[in-house]
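Next come the chains, spelled out residue by residue.
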Amino acid sequence: MKIDELIAIDVHTHAEVSCRQEPDEAWKPFEEASSKYFKAGKRPTIAETIAYYRERKIGLVMFTVDSEFQIGARRIPNEEVADAARENSDIMMAFASIDPHKGKMGVREARALIKDGVIRGFKFHPTCQGFFPNDRIAYQLYEVIAEHKLPAIFHSGHSGIGTGMPGGGGLRLKYSNPIHLDDVAADFPDMTVIIAHPSWPWQDEALSVCLHKPNVYIDLSGWSPKYFPPQLIQYANAQLKTKMLFGSDYPLISPDRWIKDFKEAGFKPEVHELILKQNAIKALGLAR
């Protein structure tokens, strides 16, 4: 990324519409339910998302979510996201998503993607992937990530995916309690762990893990800042001011709305630049 030319870095954006394959019918009920929950409109393609961010001079981290095991919907290929980042390296970074249930094949994929030189981190969604982050099933993937000192983003808290569907779409919220990331951060101190979202209803657990473990950050995506729990803003203004990251969850929340609400939400002026850009430079290894 050409970080000097960017006004902010959004560490949490989704690749939701492939330019290379048709949408999977198995995913449509989940997409319709999440659209209702987030009041979201038509999803943009990967190319449209990049153009949107380029117009705003905001850097972005993009990823898909591999939920083939738990949901049974075909993922957007990691290679498609990587190719987009390769072609837009001035503004975009690509993270890969590999379901831990893929075992050794998943490890092989991770190593190949890292060797290719474009993938700069990994995304996990415990609820959509159906695993506890501290389950040893995932540790062989973490070993590869830690070996290369890359960051990993973990969804935490309530999930808009599945909300309102019968049985929540079969998805279980328990997997996304951030306290399970305490084990991961302790066992893999060379892997940067990013706890995604205000972690309702487990916000205090997330703050405690982030305060205790030097390799843990929190990204503030998925909610408008005007709805943030007061203790999250309190810690962002003080002890955790260098460990909070701007993330939108685009296209479900736009960076325009997020930044506007952020500036009105009680964050001290001196932490604005840290959260919008400087903390991400460190967490993503952009200053190396």
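- If you look the protein chain up in an unreviewed UniProt entry, it shows as Amidohydrolase from Steroidobacter gossypii.

### Quick look at the environment of Gly59
Then step 1. Relative to the elements of secondary structure, Gly59 occurs in strand E2 (residues 58-63).
Then step 2. Sequence spacing of Gly59 and Ile46 is 13 residues, and the spatial spacing of their C-alpha atoms is 14 Å.

### Some words on helix H11 (residues 269-283)
Then step 1. Between its first and last C-alpha, H11 extends 21 Å over 15 residues, near the 21 Å set by a 1.5 Å rise per residue.
Then step 2. Along H11, the helix axis deviates most sharply at Ile275, where the bend reaches about 50°.
Then step 3. Looking at H11, one finds that the buried residues are Val271, His272, Ile275, Leu276, Lys277, Asn279, Ala280, Ile281 and Ala283.
Then step 4. One or two residues past the end of H11 sits Gly285, with phi positive at roughly 70°.

### Here we look at the pairing of strand E3 (residues 92-96)
Then step 1. With 5 of 5 residues buried, E3 is to be regarded as a mostly interior element.
Then step 2. Alternating positions in E3 separate into two faces, Met92, Ala94 and Ala96 on one and Met93 and Phe95 on the other, with burial throughout.
Then step 3. Across 3 bridges, E2 lies against E3 in parallel orientation. Bridging across to E3, Leu60 finds its partner in Met92.
Then step 4. On the question of chirality, the crossover connecting E2 to the parallel E3 by way of helix H3 (residues 78-87) is right-handed.
Then step 5. As defined by bridge partners, E3 adjoins strand E4 (residues 119-124) across 2 bridges and the pair is classed as parallel. Bridging from a neighbouring strand, Ala94 pairs with Ile119 of E4.
Then step 6. A crossover connection joins E3 to the parallel E4 through helix H4 (residues 103-116); in handedness this β-α-β unit is right-handed.

### Overview of the sheet that holds strand E7 (residues 216-219)
Then step 1. Read across the sheet, 8 strands follow the order E1-E2-E3-E4-E5-E6-E7-E8 without closing on themselves; strand pairing throughout is parallel. Of all the strands in the sheet, just strand E1 (8-14) and strand E8 (244-245) have a single pairing partner and so form its edges.
Then step 2. Across 2 bridges, the pairing between E7 and E8 is parallel. Looking at the pairing, Ile218 lines up with Met244 of E8.

### Quick notes on the UniProt feature "domain: Amidohydrolase-related" (unreviewed entry) in the protein chain
Then step 1. Under the local residue numbering, the UniProt record ascribes the feature "domain: Amidohydrolase-related" (unreviewed entry) to residues 9-286.
Then step 2. With 38% helix and 14% strand, the stretch residues 9-286 has end C-alpha atoms that lie 11 Å from each other.

### Structural notes on H4
Then step 1. The terminal C-alpha atoms of H4 lie 20 Å apart, and with 14 residues this matches the ideal 20 Å at 1.5 Å per residue to within 8%.
Then step 2. When we look at burial in H4, the residues that qualify are Gly103, Gly106, Val107, Glu109, Ala110, Leu113 and Ile114. On an axial view of H4, the arc spanned by its buried residues comes to 160°, and they lie on one face. In this structure, H4 carries Lys104, Met105, Arg108 and Lys115 as exposed residues pointing more than 90 degrees from its buried face.
Then step 3. Against H3, E3, E4 and helix H6 (139-147) lie the buried residues of H4.

Quick notes on the rules
- Residues numbered from 1 in each chain as written.
- Predicted model: local features only at pLDDT ≥ 70, side-chain atom pairs only at ≥ 80, totals over all residues.
- Heavy atoms only, no water.
- Helix = DSSP H or I, 4+ residues; strand = E, 2+ residues; numbered from the N terminus.
- Expected span 1.5 Å × (residues − 1).
- Bend = angle between axes of the 7 residues up to and from the residue.
- Buried < 20%, exposed > 50% of the residue type's maximum accessible area, 1.4 Å probe, protein only.
- Pairing = 2+ DSSP bridges.
- Right-handed = clockwise from strand over helix to strand, strands pointing away.
- UniProt positions renumbered as here; feature names shortened; annotations may be inferred.
- Arc of directions from axis to C-beta.
- Contact = heavy atoms within 4.5 Å.

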